[in-house]
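Summary of structural features
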Amino acid sequence: MPGVAIEVAVVDPLPLFRQGAAAVLTAAGHTVHTPSDVLAWASRTPGALILLTVLTSEDWSRLARLHESSHLVVALLNGESTAAGVRAVRSGARSVLLRDASPAALRRTVSATIDGQAVVPARVAAALAGGSGDDRESTGRPAEAKMAWLRALAGGVTVADLAVHTGYSERAMFRMLRALYREMGVSNGLGGMVSTGGGTAGATPGSLWT
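Residues numbered from 1 in each chain as written. Predicted model: local features only at pLDDT ≥ 70, side-chain atom pairs only at ≥ 80, totals over all residues. Heavy atoms only, no water.

1. Description of the overall build of the protein chain
- On a plain count of helices and strands, the protein chain comes out with 12 helices and 5 strands.
- Relative to its 210 residues, the protein chain shows a buried fraction of 42%.
- For the protein chain, contacts bridging at least 24 residues in sequence account for 56% of all contacts bridging at least 6. (Helix = DSSP H or I, 4+ residues; strand = E, 2+ residues; numbered from the N terminus. Buried < 20%, exposed > 50% of the residue type's maximum accessible area, 1.4 Å probe, protein only. Contact = heavy atoms within 4.5 Å.)

2. A word on the nonpolar core
- Counting residues in hydrophobic clusters, the biggest one holds 18 residues, and the most contacted among them are Ile50, Leu52, Leu63 and Ala88.
- Listed by contribution, the elements that provide at least two residues to this core are strand S1 (7-11), helix H2 (38-44), strand S3 (49-53), helix H3 (57-68) and strand S4 (72-77).
- Setting aside its immediate chain neighbours within four residues, Ala88 contacts Trp60, Leu63, Ala75, Leu77, Ala93 and Val96.
- Ranked by size, the runner-up nonpolar core spans 16 residues in total, among them Leu72, Leu76, Leu106 and Val110. (Core = buried A, V, L, I, M, F, W, Y, C linked by side-chain atoms within 4.5 Å.)

3. Notes on the pattern of salt bridges
- Tallied over the full model, the rule gives 2 salt bridges.
- When the shortest N-O distance is used, the salt bridge between Asp12 and Arg99 registers 2.7 Å. Of this pair, Asp12 sits in the loop between S1 and helix H1 (15-27) while Arg99 is found in the loop between strand S5 (95-98) and helix H5 (103-114), placing the two residues 87 residues apart along the sequence. Pair check on accessibility: Asp12 and Arg99 agree, each one buried.
- Close ionic contact of Arg62 with Asp59 constitutes a salt bridge, the shortest N to O distance being 2.6 Å. Of the two residues, Arg62 and Asp59 both sit in helix H3, 3 residues apart, roughly one turn of that helix.
- Here Asp59 falls in the buried class, since its relative accessible area comes to 10%. (Salt bridge = Lys/Arg side-chain N within 4 Å of Asp/Glu carboxyl O.)

4. A closer look at the environment of Asp37
- With respect to the element layout, Asp37 can be found in the loop between strand S2 (31-33) and H2.
- The spacing of Asp37 and Val11 is 26 residues in sequence and 9.0 Å in space, taken between C-alpha atoms.
- Looking at Asp37, its side chain comes within polar contact range of the main-chain nitrogen of Leu39, at 3.3 Å. (Polar contact = N/O pair within 3.5 Å; in protein donor to acceptor, adjacent residues only side chain to side chain.)

5. Re the packing of aromatic side chains
- With the rule as written, the count across this model stands at 0 aromatic pairs.
- When the ring centre of Trp60 is taken as reference, the NZ or CZ atom of Arg87 above it lies at 3.7 Å.
- If you follow Arg99 out to its NZ or CZ, it ends over the ring of Phe17, 5.4 Å from the centre. (Phe/Tyr/Trp six-rings, centres within 6.5 Å; stacked < 30°, edge-to-face > 60°. Lys NZ or Arg CZ within 6 Å of the ring centre and 35° of its normal.)

6. Some remarks on the pairing of S5
- Sheet topology places S4 next to S5; 4 bridges connect them, and they run parallel. The residue bridging Ala75 from the neighbouring strand is Val96, located in S5.
- After leaving S4, the chain enters helix H4 (residues 82-90) and then returns to the sheet as S5, a path that is right-handed. (Pairing = 2+ DSSP bridges. Right-handed = clockwise from strand over helix to strand, strands pointing away.)

7. Some thoughts on a positive patch on the surface
- Taken together, the side chains of Arg171, Arg175, Arg178 and Arg182 make up a positively charged region of the molecular surface.
- Along the chain, the position of Arg182 falls in helix H9 (residues 170-183). (Patch = residues over 30% accessible without salt bridge, like charges linked within 9 Å, V, L, I, M, F, W, Y side chains within 5 Å. Areas by Shrake-Rupley, 256 points an atom, 1.4 Å probe, with all protein chains shown as cover. Lys, Arg positive; Asp, Glu negative; His and termini not counted. Charge placed at Lys NZ, Arg CZ, Asp CG, Glu CD.)

8. Brief notes about the side chain of Thr53
- On the secondary structure map, Thr53 appears in strand S3.
- Side chain to side chain, Thr53 and Asp12 meet in a polar contact 2.5 Å long.
- Thr53 has contacts with Val11, Asp12, Pro13, Phe17, Asp59, Leu76 and Arg99, leaving out every residue within four places of it along the chain.

And the structure:
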């Protein structure tokens, strides 16, 4: 049982998952909600904890906005991606938990988060302590998450929009794209294009590749 019981929102696309997590946390003494609009719910419920499954770009955007509202967020992630865990923490999650965690792990994580602790997988903690996002795979290629950025840009997403959806500032996104281009051996001219200011931020992906 947690030392403090608070209001908790469970946000996940699967009704069965929401019901299961709600049952676990209700049994632990919390008042649990499953709002369809978590941002609106959070604005009416200061001091709450939000259990947020992060799967899509919209989910990452919600995480960043919840961080701005100073709510406690436990990010639920699919798979054991260290890069995704680091990104979740940097985007505002207090704790990170795998979506297939056991009920006991869910209870412990929520309780510890309420008590002011941050609970993250060991590999994520090590990457954060070392200043790394585990941005490269064992093959030496850029990690899949960053390759997805390039696919998004090629599909018409602007750098500014990409920054919003990933939870980074626009300036940080430019820095990471510039580093990614260097990893891929792209010319200095392209790197210069990416590092420029506001005009490039609103440019289409095509202009970044010319």
